[in-house]
Amino acid sequence: MALSSKEAMNVAHVLTEALPYIQRFRRKTVVVKYGGNAMTDEALQSSFARDVVLMKLVGIDPVIVHGGGPQIGQMLDKLGKKTEFIDGMRVTDAETMDVVEMVLVGLVNKRIVNLINQHGGRAVGLSGKDGGMIRARPLADAQGQAKTELGLVGEVASIDPGVVSRLDTGGFIPVIAPVGVDDQGRAYNINADLVAGKIAGVLEAEKLMLLTNTAGVLDKQGELLTGLSAQRVQDLIADGTISGGMLPKIQCALDAVSSGVRAAHIVDGRVQHACLLELFTDEGVGTLINGPRR
């Protein structure tokens with residue numbers, strides 16, 4: 001069925017609005033942290049996969065880092081393994097770490113890879129163990145002391161981007177599970193937001209996109225804020241506008257832009273095709289945090 005004149009004009013408007021962004025971001029790296037509703041809702045899974053494939057087709061290099069907390073919890077429940085949380089973080093003993101690896105690397109990662117490939121992409125699944133990509137150490141507190149009570153919960157010590165860079169240049173889409181390894185070969189479970197931010201910094205990515213279950217950073221009246229500088233974000237934290245669960249994501253975004261990423265986005269992953277809307281439209285669907293000009 002042919003498009004009406006109005007529908008045809010709308011399509012033309014979308015394409016012409018997207019063109020300068022496609023030209024601007026060609027041959028640039030965009031790191032996407034994939035999680036939340038976008039990872040569990042079937043329609044959103046499909047739109048995410050299509051977004052990633054289209055990004056690659058127009059010359060952008062997407063790198064996907066995924067979470068999997070709910071899936072880990074479900075598997076532990078099935079196995080009858082009780083989980084303790086401290087300050088919102090799962091205490092991870094050796095047995096729990098085995099389950100974490102099984103779920104993140106063996107199940108969740110492969111599902112994402114398969115989904116992208118079904119939509120015409122060439123995705124390759126990785127964990128931080130592959131090629132020694134993510135070196136980990138125990139998560140530390142603000143004073144630099146290891147939080148030993150959390151067990152095998154880690155943070156990034158260093159990242160070797162060689163494997164990811166080779167996949168990008170070979171036309172593949174890397175999909176990374178946030179499992180790192182220390183010098184003794186011990187595996188650690190690392191927060192996916194943190195891994196995504198660190199990888200974006202090492203790759204000097206054009207953008208870091210964090211898919212969330214919120215519209216973005218909201219002011220005290222509930223209005224979306226965007227186009228924020230790092231200093232403006234600090235002011236919003238100081239006056240209590242940014243608080244609670246948004247703080248870790250904001251800190252991840254600030255760390256990324258301070259390490260060379262041009263911009264970080266907190267994106268509403270509940271919106272279909274959220275990645276494309278944020279990349280290729282004037283309005284976007286989340287909060288943009290600008291890095292220093294380079």
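These numbers were taken from a predicted model, which means no experiment stands behind them. (Residues numbered from 1 in each chain as written. Predicted model: local features only at pLDDT ≥ 70, side-chain atom pairs only at ≥ 80, totals over all residues. Heavy atoms only, no water.)

### A word on unusual backbone geometry
For step 1, the next point in the chain: Positive phi outside glycine occurs at Arg27, with the angle close to 65 degrees.
For step 2, the next point in the chain: Here Arg27 lies in the loop between α1 (5-25) and β1 (29-34).
For step 3, the next point in the chain: Residue Arg27 is classed as exposed on the basis of its relative accessible area, which comes to 66%.
For step 4, the next point in the chain: A positive phi is found at Glu204, a non-glycine position, where the angle reads about 50 degrees.
For step 5, the next point in the chain: Counting through the fold element by element, Glu204 comes out in the loop between α7 (192-202) and β11 (207-212).
For step 6, the next point in the chain: Under the relative-accessibility criterion, Glu204 is labelled exposed at 56%. (Helix = DSSP H or I, 4+ residues; strand = E, 2+ residues; numbered from the N terminus. Buried < 20%, exposed > 50% of the residue type's maximum accessible area, 1.4 Å probe, protein only.)

### A short note on the environment of Asp93
For step 1, the next point in the chain: Examined against the element boundaries, Asp93 turns out to sit in the loop between β4 (89-90) and α5 (94-118).
For step 2, the next point in the chain: Separated by 64 residues in the primary sequence, Asp93 and Thr29 place their C-alpha atoms 35 Å from one another.
For step 3, the next point in the chain: Those residues within four positions of Asp93 in sequence are excluded, and the remaining contacts are Lys81 and Leu152. (Contact = heavy atoms within 4.5 Å.)

### Some remarks on the packing of helix α8 (residues 230-238) against helix α9 (residues 246-258)
For step 1, the next point in the chain: Packing of α8 against α9 leaves a shortest axis separation of 11 Å and a crossing angle of 160 degrees. Taken together, the axes of α8 and α9 lie roughly antiparallel to each other. Taken as a pair, α8 and α9 cross one another with a handedness that is left-handed. On the side of α8, the interface is formed by Ala230, Val233, Gln234 and Ile237, while α9 contributes Leu247, Ile250 and Leu254.
For step 2, the next point in the chain: Each residue belonging to the contact of α8 with α9 can be placed in one class, and the counts come to six nonpolar, one polar and no charged. (Axes fitted to C-alpha atoms, helices over the stretch in contact; angles between N-to-C directions. Parallel < 35°, antiparallel > 145°, perpendicular 65-115°, else oblique. Left-handed = near helix turned anticlockwise from the far one by under 90°. Nonpolar A, V, L, I, M, F, W, Y, C, P; charged D, E, K, R; others polar.)

### Some thoughts on the UniProt feature "binding site: substrate" (unreviewed entry) in the chain
For step 1, the next point in the chain: The sites that carry the UniProt feature "binding site: substrate" (unreviewed entry) are, in the present numbering, Gly68, Gly69, Arg90 and Asn189. The named residues occupy 122 residues along the chain; their greatest pairwise C-alpha distance, 12.4 Å, places them in one compact cluster.
For step 2, the next point in the chain: Residue placement: Gly68 occurs in the loop between β2 (61-66) and α4 (69-78).
For step 3, the next point in the chain: If sequence neighbours within four positions are ignored, Gly68 has contacts with Met39 and Leu104.
For step 4, the next point in the chain: Within the fold, Gly69 resides in helix α4. (UniProt positions renumbered as here; feature names shortened; annotations may be inferred.)

### With respect to the UniProt feature "site: Transition state stabilizer" (unreviewed entry) in the chain
For step 1, the next point in the chain: As recorded in UniProt, the feature "site: Transition state stabilizer" (unreviewed entry) lies at Lys33 and Lys249. These annotated residues cover 217 residues of sequence, and their C-alpha atoms lie no more than 10.6 Å from one another, placing them together at a single site.
For step 2, the next point in the chain: Topologically, Lys33 is positioned in strand β1.
For step 3, the next point in the chain: Excluding residues within four positions of it along the chain, Lys33 makes contact with Val65, Gly67, Ala192, Asp193, Ala196, Met209, Leu210, Leu211 and Lys249.
For step 4, the next point in the chain: Polar side-chain contacts of Lys33 include one of 3.5 Å to the side chain of Asp193.
For step 5, the next point in the chain: Inspection of the secondary structure puts Lys249 in helix α9. (Polar contact = N/O pair within 3.5 Å; in protein donor to acceptor, adjacent residues only side chain to side chain.)

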